[in-house]
Amino acid sequence: MSKPKPVKPVLFFIAQTSSSKIKEDFLPQELLPRLEPSLGMIALQSEPYEFSQFTSYYEKEMGFPLFKSFLFFEILREPEFLVELKHLCFYLEREFSEEEKRLVNLDPGYLTLSKVVLSTFKDYAHRIYLGRGVYAEVEYVYWEGSFQVLPWTYPDYQEEKVIAMFNRAREFYKERLRCL
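Residues numbered from 1 in each chain as written. Predicted model: local features only at pLDDT ≥ 70, side-chain atom pairs only at ≥ 80, totals over all residues. Heavy atoms only, no water.

Now for the layout of surface pockets. There is about 600 Å³ of room inside the largest pocket. Tyr57, Tyr58, Asn105, Asp107 and Lys122 are the residues nearest the centre of the largest pocket, which is lined by 26 residues in total. For the lining of the largest pocket, the elements supplying multiple residues, two or more each, are helix H3 (81-95), strand E7 (104-111) and strand E8 (115-120). Among the elements that line the lining of the largest pocket, the one with the most residues is H3, at four residues. Residues that form the lining of the largest pocket fall into these classes: 11 nonpolar, five polar and 10 charged. (1 Å grid on protein atoms, 1.4 Å probe; cavity = no way out; pocket = protein on both sides within 12 Å on 5 of 7 lines; lining within 4 Å. Points joined across faces, edges and corners; volume = space filled by probe spheres on them. Helix = DSSP H or I, 4+ residues; strand = E, 2+ residues; numbered from the N terminus. Nonpolar A, V, L, I, M, F, W, Y, C, P; charged D, E, K, R; others polar.)

Okay, here's the thing in structure tokens:
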């Protein structure tokens, strides 16, 4: 019989997408102080890459071209914090909008030793409801020394440089777990 066990804290990240007009200051500096009390400082950050080649979904609202980057934060937290973080990101997106158009899209998720989980407000067959309108999906599983894509993994997450970044973040997370 299985028994409840304490859950290990997870490494949170935010996938940020923005238009070229804020590429130089990719994450508006006003956003960081709003995230740091819950997540701490940025521990790892990927280089921005052009996101427009993967989808045109955001172009009408945010413009063209679009750039994406991943921010991984220093504080490890319980996985259920994902619901609160998704709502915080939703409100920050609206606060940093112009004429009801977002300047930045913030998609939070978390990483464990075995998987990467993304949050969304959209339901689908492979997503699990967490509460308060938030769903989660496993984007990668860790297998044979690397994160592996799944049938529904977003196209940009299938890029080798993105997988390599998540593998680096996993190593950082593994070190942080040793310090607990």
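After that view, the rundown keeps rolling.
The next subject is the pattern of salt bridges. Throughout the structure, instances matching the rule amount to 11 salt bridges. For the salt bridge of Arg170 with Glu171, the shortest nitrogen-to-oxygen distance reads 3.8 Å. The buried category is assigned to Arg170, whose relative accessible area is 9%. (Salt bridge = Lys/Arg side-chain N within 4 Å of Asp/Glu carboxyl O. Buried < 20%, exposed > 50% of the residue type's maximum accessible area, 1.4 Å probe, protein only.)

What follows is about the pairing of E7. Here E7 lies mainly inside the structure; eight of its eight residues are buried. Where burial is concerned, the two faces of E7 agree: the one with Val104, Leu106, Pro108 and Tyr110 and the one with Asn105, Asp107, Gly109 and Leu111 are both buried. Note that E7 and E8 share three bridges and pair antiparallel. Along E8, the bridge assignment pairs Leu111 with Val116. From the end of E7 to the start of E8, which pair antiparallel, there are three residues. (Pairing = 2+ DSSP bridges.)

Another aspect to go through is the side chain of Thr120. Note on placement: Thr120 falls in strand E8. By relative accessible area, Thr120 is classed as buried at 8%. At a separation of 3.0 Å, a polar atom in the side chain of Thr120 contacts the main-chain amide nitrogen of Lys122. Those residues in contact with Thr120 that sit more than four places away from it in its chain are Lys86, Arg127, Gly133, Val134 and Tyr135. (Polar contact = N/O pair within 3.5 Å; in protein donor to acceptor, adjacent residues only side chain to side chain. Contact = heavy atoms within 4.5 Å.)

This part is about unusual backbone geometry. Note that the residue after Phe64, namely Pro65, is joined by a cis bond; omega there is -5 degrees. Tracing the backbone through its elements, the reader meets Pro65 in the loop between helix H2 (59-62) and strand E4 (66-77). Even without being a glycine, Glu99 presents a positive backbone phi close to 50 degrees. Checked against the element boundaries, Glu99 lands in the loop between strand E5 (97-98) and strand E6 (101-102). A positive phi angle is found at Arg132, which is not glycine, with a value near 55 degrees. Looking at where Arg132 falls in the secondary structure, it is placed in the loop between strand E9 (128-131) and strand E10 (134-143). On the basis of relative accessibility, which here comes to 53%, the residue Arg132 falls in the exposed class.

Moving on, we get to the nonpolar core. Within the largest apolar cluster, 25 residues are counted, with the highest numbers of intra-cluster contacts made by Phe13, Phe70, Phe72, Leu111, Tyr140, Tyr157 and Phe166. Elements supplying a minimum of two residues to this core: strand E1 (10-19), E4, E8 and helix H4 (160-178). When residues of this core are assigned to their parent elements, the largest contribution, seven residues, is made by H4. Apart from the residues within four sequence positions on either side, Tyr140 is in contact with Ser114, Lys115, Val116, Phe147, Gln148, Val149, Leu150, Thr153, Tyr157, Val162, Ile163 and Phe166. One finds Val10, Phe12, Phe81 and Leu106 within the second-largest nonpolar core, a separate group that totals 19 residues. (Core = buried A, V, L, I, M, F, W, Y, C linked by side-chain atoms within 4.5 Å.)

Our focus in this paragraph is helix H1 (residues 32-39). Looking at H1, one finds that the buried residues are Leu32, Leu35, Ser38 and Leu39. Across the axial projection of H1, the buried residues extend over an arc of 130 degrees, all falling on one side. The inward-facing, buried residues of H1 abut E1, strand E2 (42-45), E4 and H3. Remark: Gly40 follows H1 within two positions and exhibits a positive phi of approximately 85 degrees. (Arc of directions from axis to C-beta.)

Spatial relationships are all this shows, so hold off on functional conclusions.
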